[in-house]
Protein chains: 2
Amino acid sequence: MLFFTQCFGAVLDLIHLRFQHYKAKRVFSAAGQLVCVVNPTHSLKYAPTRCAAAQTSAEQGILPPCHHHEAVHDPQLVPCTCPLYSCPWEGHLEVVVSHLRQTHRINILQGAEIVFLATDMHLPAPTDWIIMHSCLGHQFLLVLRKQEKYEGHPQFFATMMLIGTPTQADNFTYRLELNRNQRRLKWEATPRSVLECVDSVISDGDCLVLNTSLAQLFSDNGSLAIGIAITTSKVHNAEDEM
Amino acid sequence: MLFFTQCFGAVLDLIHLRFQHYKAKRVFSAAGQLVCVVNPTHSLKYAPTRCAAAQTSAEQGILPPCHHHEAVHDPQLVPCTCPLYSCPWEGHLEVVVSHLRQTHRINILQGAEIVFLATDMHLPAPTDWIIMHSCLGHQFLLVLRKQEKYEGHPQFFATMMLIGTPTQADNFTYRLELNRNQRRLKWEATPRSVLECVDSVISDGDCLVLNTSLAQLFSDNGSLAIGIAITTSKVHNAEDEM
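Just so you know, these numbers come straight off a predicted model, no measurement behind them.

Draft legend 1. Just the side chain of T173(A), in detail. Looking at the element boundaries, T173(A) is found in strand 9 (residues 172-180). Within the structure, the side chain of T173(A) is placed 3.3 Å from the side chain of S233(A), a separation counted as a polar contact.

Set out below in structure tokens:
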């Protein structure tokens, strides 16, 4: 009986994913871009890897603080860069990607330009949408976070981080683009390294920031499509293009 | 003596404006674009044309509410569209521009692409920076407003409105672009008509919105340069360019 219930659940999930993917393809089909449906992670309550401190934070509705730099003793080792959990894992930078895939089940996508389709934007803060993006011989972590910087006023923050060193990160430029309802919003910047903390990037506001009303204008049936492109860096002077 | 004091004040103002203009030219000279230095209007206290209700609002640090639609009795007449004051003037749409120039001393600039250099970004909210932009045979009103939607957290809101009807406004697309410190933020949308209220556009958040931290990243010595371009409208589908 349990087996049949599980099978039925799996079929429902597949139908839901197929529907989300169909919606995304319908919107972006002409661009011929890879669309990735990203489901939110809205509760840290049942995460098996978090520590007690993170559990307390999650129960209070606060995202766990960043302990990355304090935790590293061996300079060759880096801590887990997953922004969802305060994970005790540490390892070499080269194996961070496989740790994120295997332990935190974060998907990885290939392609110079992809569309990140974040579903269920209405879920309460704090909520994260995360994928990895493999491009130009490197892996990047895209984090979309819904968070209340001002109590009662959730905002959306989107940033891209290189799974590499800050020096390597300086060689790239990432672009996030929203396009709907005759409005277009583009954010371009140099990615930060995952060795820096995603929480501090977001608290500094040095990323794409959307108020709830603007996020709604760009959403379609509770899903937000963000076009992502990564290029090798060129000098961004105020002179060019403006 | 008074004459000499006034002359000295005027010379100081000229030096200050020259310095601002030099700074702007240094940043944007390669683009060959017209740079307009826009000083803020940070107090409504001594405005000669505002009504008592607006005075009370200003003294409480609140921008006056929009009474435009209530005030119009003759459908041929439109009220004053200046977002700074609750002005009792009304007239035909064709003479709004001359009213704004003469009564509210709002500058008008010519050119397809201009740079709006808003000075003194540190001034407390509510503050407005306003110019008119003449382009493609029409006049547009650019409003940058510093306002506290959430108490203690000022934000910047920028929008462009056509001094014309909503039907005419649908024929255009405006672009606002910030570009500094290896970051670039672009907002593109259809301008609203000045017959709609700028206050409601801002309270809906349907415009370029900047947190203080992001505004600081894009500022240079307390001045924020916004590149402005207006084009005739083309269909903005999610398919194109993403």
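So much for the structure itself; the text now carries on.
Draft legend 2. Structural view of empty space enclosed by the protein. Counted according to the given criterion, the structure contains six cavities of 30 Å³ or more. Computed from the structure, the largest cavity encloses a volume of approximately 60 Å³. Lining of the largest cavity is provided by L185(A), C207(A), L208(A), V209(A), L214(A), L185(B), L208(B), V209(B) and L214(B). Among the secondary structure elements, those contributing two or more residues to the lining of the largest cavity are strand 12 (208-211) of chain A together with strand 12 (208-211) of chain B. Of the residues contributing to the lining of the largest cavity, the split by class is nine nonpolar, no polar and no charged.

Draft legend 3. Region of the structure containing the packing of aromatic side chains. For the structure shown, the criterion picks out seven aromatic pairs over all chains. When the centroid spacing of 5.3 Å and the interplanar angle of 85° are considered together, the rings of F140(A) and F172(A) count as edge-to-face. With F140(A) in strand 7 (residues 138-150) and F172(A) in strand 9, this pair connects stretches of sequence that are 32 residues apart. Overall, F140(A) belongs to the buried group, its relative accessible area being 0%. Here the aromatic rings of W187(A) and F218(B) are separated by 6.3 Å at their centres, their planes lie at 90°, and the arrangement is edge-to-face. Taken together, the residues W187(A) in strand 10 (residues 183-189) and F218(B) in helix 7 (residues 212-218) connect one chain to another. Exposure remark for W187(A): the relative accessible area of 0% places this residue in the buried category.

Draft legend 4. Quick look at the pattern of salt bridges. In total, this model carries 16 salt bridges over all chains according to the counting rule given. A salt bridge links D206(A) to R183(B), with the shortest nitrogen-to-oxygen separation between them at 2.6 Å. Placement of D206(A) in the loop between helix 6 (198-204) and strand 12 and of R183(B) in strand 10 (residues 183-189) is noted, with the two residues assigned to different chains. When sorted by exposure, D206(A) lands in the same class as R183(B), which is buried. Of the charged contacts in the structure, one is a salt bridge between E177(B) and R184(B), with a shortest N-O distance of 3.6 Å. Per residue, the accessibility class of E177(B) equals that of R184(B), and both read buried. Ionic contacts of the salt-bridge type, sharing partners, join the residues R183(A), R192(B), E196(B) and D206(B) into one network.

The rules we used
Residues numbered from 1 in each chain as written. Chains lettered and ligands numbered in written order. Predicted model: local features only at pLDDT ≥ 70, side-chain atom pairs only at ≥ 80, totals over all residues. Heavy atoms only, no water. Helix = DSSP H or I, 4+ residues; strand = E, 2+ residues; numbered from the N terminus. Polar contact = N/O pair within 3.5 Å; in protein donor to acceptor, adjacent residues only side chain to side chain. 1 Å grid on protein atoms, 1.4 Å probe; cavity = no way out; pocket = protein on both sides within 12 Å on 5 of 7 lines; lining within 4 Å. Points joined across faces, edges and corners; volume = space filled by probe spheres on them. Nonpolar A, V, L, I, M, F, W, Y, C, P; charged D, E, K, R; others polar. Phe/Tyr/Trp six-rings, centres within 6.5 Å; stacked < 30°, edge-to-face > 60°. Buried < 20%, exposed > 50% of the residue type's maximum accessible area, 1.4 Å probe, protein only. Salt bridge = Lys/Arg side-chain N within 4 Å of Asp/Glu carboxyl O.

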